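Examining the three-dimensional arrangement
Below are the chains, spelled out letter by letter.
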Amino acid sequence: PTQALDAPYTYVVPESDAAYAPVTLFDEVDAAPGTDGEELAVEVGCAVVVPLGSRKVVGFVLDVRDLDEGDAPDGVDPARLRPIDAVASKPYFNEEGAACARWIADRYIAPLSACVRLFTPPGAVPKMTRSPYGAWQLVAPETQEADDRWIVPGPAFDDFQPRKNAAKQDAVVSALKSGGEAKVVELTAQVGAVSGAIAALEKKGVVTVEHRRRMRSVGDAGASAAPVRPSASAPKLTDDQARAVELVVQASRRGKGEAVLVDGVTGSGKTEVYLRAIEDVLAHGRTACVLVPEISLTPQTVGRFRRRFGDKVAVIHSRMSPGERYDQWDFIKSGLARVVVGARSALFTPLENVGLYVIDEEHEGSYKQDSAPRYHARDVALWMAARNGAAVVLGSATPSIETLHACAKDPRFHRALLPRRANGRPMPVVQVVDMAKEFGSGSRSMFSLALKRALEEELSAGRKAVLMLNQRGFAKFLLCRECGFVPECPSCSTSLTYHERGAELACHHCGRREPAPGRCPECGSPYLKKFGAGTQRVESELRGLLNEMEGVGTDVPIIRMDADTTSRKGAHQQLLETFAAADAAVLLGTQMIAKGLDFDDVTLVGVINADTTLHIPDYRASERTFSLVEQVAGRAGRAELPGCVLVQTYEGDSVPIRAAAAYDRAAFLKDELPKRRLLRYPPYAAMANVLVWGKNESEVAAEAEAVHKAVQTSVRDFGGDGWSVLPAVPCVLAKLRNTYRWHVVVRAPAGEDLSRALLPFMRRRRAHPSVSVAVDVDPFDV
Ligand code: ADP
Ligand code: ZN
Ligand code: ZN
């Protein structure tokens, strides 16, 4: 395609001159399909083969309309439309899906084909092949992954006389004689390619081919938990929970797309609220779609839903093989699944009649997709709920500022508070340890005295500790080890990033650059440290410390959990299990340990460097720090043993850290909101990031400048007062996998639709041969 965004093409529905269909196009088909395939009707959601110039391509039907409706797309002359060649599949999505794909394409300024692909079954590559029996078919994962074709004797089986020189046919028939039936892949394994022989035999009625769909069990997602009667396992709700359930149930019954924020501390029983609300939804004949962050989608999580709703639960996540996902997709399509639990892509399964969408841990950044289409699952769920007459539950112990803001401003948002743990245990006490003071008193260790003592005490008593290293792999910043000072950009209030090359500090919002100082501008200290320590280094220092500790065996395991140790499928889960099974042990990891971690016997939680996230060059830095500290703290002392939390920081009086330690969200917001308002960041502004990337540094830089100009023009034409286009600057990750990345930030008053200016810009834009451009609306990382 020569355009940065694609639009649907329009075709005539065959044998019905009076109807046409807009079709989004995908890959080219390698050969022209015949007409001997199964006759399928042209319906919304079908894969079809259509002519495009002299080529044949596969597309998906978005709409079927009568020509005399008179609303043929602009510039389309009905007389010149070409017919669809063939229908290649049954519908994968319905009108709602097509409408949603179009909405996502507009809202997030994304290619329509990428949005349509969200709704096609996982792994279903729109590619056509000719089946052994002559028909053209879409290659879907059920045929790619697990060939499920079986052959059984046909009506003419008993009369069959094998011809000479037909050894394969003979082999097929004798396999059936001895086994009664045979699986095609197994026959192939034994005697070589048999498709031709089977096709010949099938024609003569000697054999019949059956497709036997086998549900691949979703082993690592807890498929086998036995269903239990709801009343048997459900605890009596606390008053807070009962109120929350009531709010959700009412919103779902009204069916007006309302949202309920379930704002509850860790362990307050939010999941129980979801389960009860879903019971009500199911009792009213509707279904529910539950999203959890990928990393929290563990067998335990899924098990809680299966124990309540039994085999009506389907599971969708990205660690499943395409075949497994296809089976779940098919299960949902069949209408038998009533509850879908999954990662963000679970929104796009063919679940019908949804009464409730649940978004657990709604503050999580992983709900925003970081490739096209760059949608946010929360906003898509809100759109779907409004369209389908459902409600949305947003659950979190640390709701996002956007959601809190919506609760305060938008009458469709309600809030239910769960301020106490369901088991009555108190929240752990959080102690902030000032590392600058420790440094002042001569310590050069990453571990404060308080943390060392606490580790010794807990481990020697055979208990467990979790240590978090707050890390942002790439962004380095300067920090004064004596006073905690971090250089910031005066106009953007985000910290400056340190660049080795040229020893410079740079602002990734406005482009400001300055040489890195040799001494602290605040206190004059020469101890300016470049920050960004890895888990491995912390692990080796910790090992040394443990070895010196009284009463702590040298064999106490340190389980390290970071990007390196969890890259393998299932590794994350395995590490957590090892930790759960151990006696005394330390789990040392990056932010990922704050998620999906639910251990009753963790008594000590330590945050090695709470301030790192304060200095990422992002307007959400404080919010992330606040939420991270509070999330990790909530992991301690969930059961009988009291918990203790130590938060180390060089910025002892940082508001987000202090406020998190005191469980005082109001104090945090009181500090944060005025800053956001003053500097025009969300929720007081709408924001988009125009990304420009490519392999050639100077081309990317030049194109970024050109994009900046074009966006400025577009904003002048379409935007109103209060819009601004910041200069083109390199991204925080200026170079990633040999790709150079720049961006242009666009801001508009809150509630403005950025696509007013950015859609025309992207539609006008011709593709550049070697530099890509995309828009990220409501970016999570700026
Ligand atoms: P959250 O999702 O808010 O962190 P959970 O739903 O995981 O909390 O609940 C925490 C623990 O409390 C779980 O073990 C759960 O079974 C238990 N629980 C939830 N609600 C109740 C209740 N009403 N009475 C007793 N225990 C409950
Ligand atoms: Zn700046
Ligand atoms: Zn200093």
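Residue positions within a chain follow its written sequence, with the count starting from 1. Chains carry letters and ligands carry numbers; both start at the beginning, A for chains and 1 for ligands, and go up in the order they are written. Under the rules for a predicted model, residues below a pLDDT of 70 receive no local features and side-chain atom pairs below 80 are neither given nor counted, while totals for whole chains, interfaces and linings still include all residues.

1. Quick notes on the overall build of the protein
Going along the chain from the N terminus, every DSSP run of H or I of four or more residues is numbered as a helix, and every run of E of two or more is numbered as a strand. In terms of helices and strands, the protein carries 22 helices and 34 strands. Residues with at least 20 neighbouring C-beta atoms inside 10 Å of their own are called buried, those with 12 or fewer are called exposed, and the rest are partly exposed, where every C-beta is derived from the backbone. In the protein, which comprises 782 residues, the share counted as buried stands at 48%. Each residue gets a C-beta atom placed from its backbone, and two residues are in contact if those atoms lie within 7 Å. Of all intrachain contacts in the protein linking residues separated by at least 6 positions in sequence, the fraction that spans at least 24 positions is 75%.

2. With respect to the pairing of strand β34 (residues 771-777)
Most of β34 is tucked away, with six of its seven residues classed as buried. Sheet topology note: the strand β30 (residues 685-694)/β34 ladder contains seven bridges and is antiparallel. Along β34, the bridge assignment pairs G694 with V771. At least two DSSP bridges between two strands are needed for those strands to be called paired.

3. Topic: the environment of L62
Its location among the elements puts L62 in the loop between β4 (55-61) and β5 (65-66). With 693 residues separating them in the primary sequence, L62 and S755 have C-alpha atoms 22 Å apart. Ignoring anything within four residues of it in the chain, the contact list for L62 reads P8, P22, V23, T24, V44 and A98.

4. A few points about helix α10 (residues 299-309)
Buried within α10 are the following residues: T301, V302, F305, R306, R307, R308 and F309. The first or second residue beyond α10 is G310, which carries a positive phi of 60°.

5. A few points about the confidence of the model for the protein
The predictor rates its confidence in each residue with pLDDT, a number between 0 and 100. Per-residue pLDDT for the protein has a mean of 84; in total, 86% of the residues score no lower than 70. Contacts for the low-pLDDT stretch residues 140-146, under 50 throughout, to residues beyond four places or in other chains number 18 contacts. Ignoring residues within four places in sequence, the model shows residues 218-231, a span with pLDDT below 50, making 27 contacts including any to other chains. Predicted as a complex, the structure gets a pTM of 0.82 and an ipTM equal to 0.95.

6. Quick look at the UniProt feature "binding site: Zn(2+) 1" (unreviewed entry) in the protein
UniProt tags C480, C483, C520 and C523 as "binding site: Zn(2+) 1" (unreviewed entry). The annotated residues occupy 44 residues of the chain but converge on a single region, no pair of C-alpha atoms lying more than 8.6 Å apart. Mapped onto the fold, C480 is located in strand β21 (residues 477-480). Ignoring sequence-local partners within four residues, the contact set of C480 consists of F485, C520, E522, C523, S525, Y527 and L528. Along the polypeptide, C520 turns up in the loop between β24 (513-515) and β25 (528-531). Given 21 C-beta atoms within a 10 Å radius, C520 is considered buried. In contact with C520, not counting residues within four places along its chain, are C480, E482, C483, F485, S525 and L528. UniProt positions are given in the numbering used here, feature names are shortened, and annotations may be inferred rather than shown by experiment.

7. Concerning unusual backbone geometry
Trans peptide bonds make up the majority, and among non-glycine residues the majority have a negative phi. For the bond from A372 to P373, the omega torsion is -5°, close enough to zero to count as cis. Here P373 lies in the loop between β16 (354-360) and α12 (377-388). Positive phi, normally seen in glycine, also occurs at N353, with a value near 60°. With respect to the helices and strands, N353 occurs in the loop between β15 (339-342) and β16. For R680, which is not glycine, the phi torsion reads 60° and is therefore positive. Its place among the elements puts R680 in the loop between α20 (665-679) and β30.

8. Section: the pairing of strand β29 (residues 644-649)
The buried fraction of β29 is high, at six of six residues. Residues C644, L646 and Q648 of β29 are buried on one face, and the alternating residues V645, V647 and T649, pointing to the opposite face, are buried as well. As judged from the six bridges shared by strand β19 (residues 429-434) and β29, these two strands associate in the parallel manner. By the bridge assignment for β29, Q431 is matched with L646. Relative to β29, strand β28 (residues 602-607) is paired through four bridges, and the arrangement is parallel.

9. Structural notes on the packing of helix α4 (residues 167-179) against helix α6 (residues 195-203)
Relative orientation and spacing of two packed helices are given, respectively, by the angle between their axes and the distance between those axes. Only the stretch in contact is used when a helix axis is fitted, and all axes are lines through C-alpha atoms; the angle between N-to-C directions ranges over 0 to 180 degrees. Packing of α4 against α6 leaves a shortest axis separation of 9 Å and a crossing angle of 70°. With respect to α6, the axis of α4 lies roughly perpendicular. Touching K168, Q169 and V172 of α4 are A197, I198, A200 and L201, all from α6. Residues were grouped as follows: Ala, Val, Leu, Ile, Met, Phe, Trp, Tyr, Cys and Pro as nonpolar; Asp, Glu, Lys and Arg as charged; and all remaining residues, including Gly, as polar. Considering only residue class, the contact of α4 with α6 consists of five nonpolar, one polar and one charged. Orientation categories follow fixed angle ranges, with anything under 35 degrees roughly parallel, anything over 145 roughly antiparallel, 65 to 115 roughly perpendicular, and all other angles oblique.

10. As for the UniProt feature "binding site: Zn(2+) 2" (unreviewed entry) in the protein
Summarizing the sequence annotation, UniProt attributes the feature "binding site: Zn(2+) 2" (unreviewed entry) to C489, C492, C507 and C510 in the numbering used throughout. For C507, the position within the fold is in the loop between β23 (504-506) and β24. Taking the C-beta count within 10 Å as the criterion, C507 has 22 such neighbours and is therefore assigned buried. Within the element layout of this structure, C510 appears in the loop between β23 and β24. You can call C510 partly exposed: it has 16 C-beta atoms within 10 Å.

11. Comments concerning the sheet that holds strand β13 (residues 287-291)
Strand order in the open sheet made by the seven strands is β14-β15-β13-β16-β17-β12-β18, with parallel pairing throughout. With one partner strand each, in any of the chains shown, β14 (313-316) and β18 (413-418) form the two edges of the open sheet. If you compare each strand with its neighbour and ignore which way they point, the axes differ by 15° on average. Pairing between β14 and β15: four bridges, direction parallel. Along β15, the bridge assignment pairs V313 with V339. In the packing of helix α8 (residues 239-254) onto the sheet, the strands contacted are β12 (259-264), β16, β17 (391-396) and β18, and the crossing angle to β18 comes to about 160°. α12 rests against β12, β13, β16 and β17 of the sheet, and its axis sits at about 165° to β16.

12. Observations regarding the site of ligand 1
Using a C-beta atom placed from the backbone, a residue is scored as near a molecule or strand whenever that atom is within 6 Å of it. Close to ligand 1 lie 15 residues, the nearest being P235, G269, K270, T271 and A422. For the shell around ligand 1, the class distribution of residues is three nonpolar, nine polar and three charged.

13. Topic: the environment of V432
Relative to the helices and strands, V432 resides in strand β19. Between the alpha carbons of V432 and S371 there is a distance of 38 Å; along the sequence they are 61 residues apart. Sequence-distant contacts of V432, defined by excluding residues within four places in its chain, comprise V647, T649, G652, I657, R658 and A661.

14. A short note on α20
Its 15 residues place the ends of α20 21 Å apart at the C-alpha level, agreeing with the 21 Å of an ideal helix rising 1.5 Å per residue. Of the residues making up α20, those classed as buried are F668, E672 and R676. Looking one or two residues beyond α20, the residue adopting positive phi is R680, at roughly 60°. What a helix should span is 1.5 Å times the count of its residues minus one.

15. Some remarks on the packing of helix α1 (residues 95-107) against α12
For the pair α1 and α12, the least separation of the axes is 11 Å and the interaxial angle reads 140°. It follows that α1 is oblique to α12 by the angle criterion. The hand of the α1/α12 crossing is right-handed. Every residue of α12 that contacts α1 at E96, C100, W103 and I104 is listed here: V380, W383, M384, R387 and N388. Across the contact of α1 with α12, the residue classes break down as six nonpolar, one polar and two charged. Crossing handedness follows the turn of the near helix against the far one: under a right angle anticlockwise gives a left-handed crossing, and clockwise gives a right-handed one.

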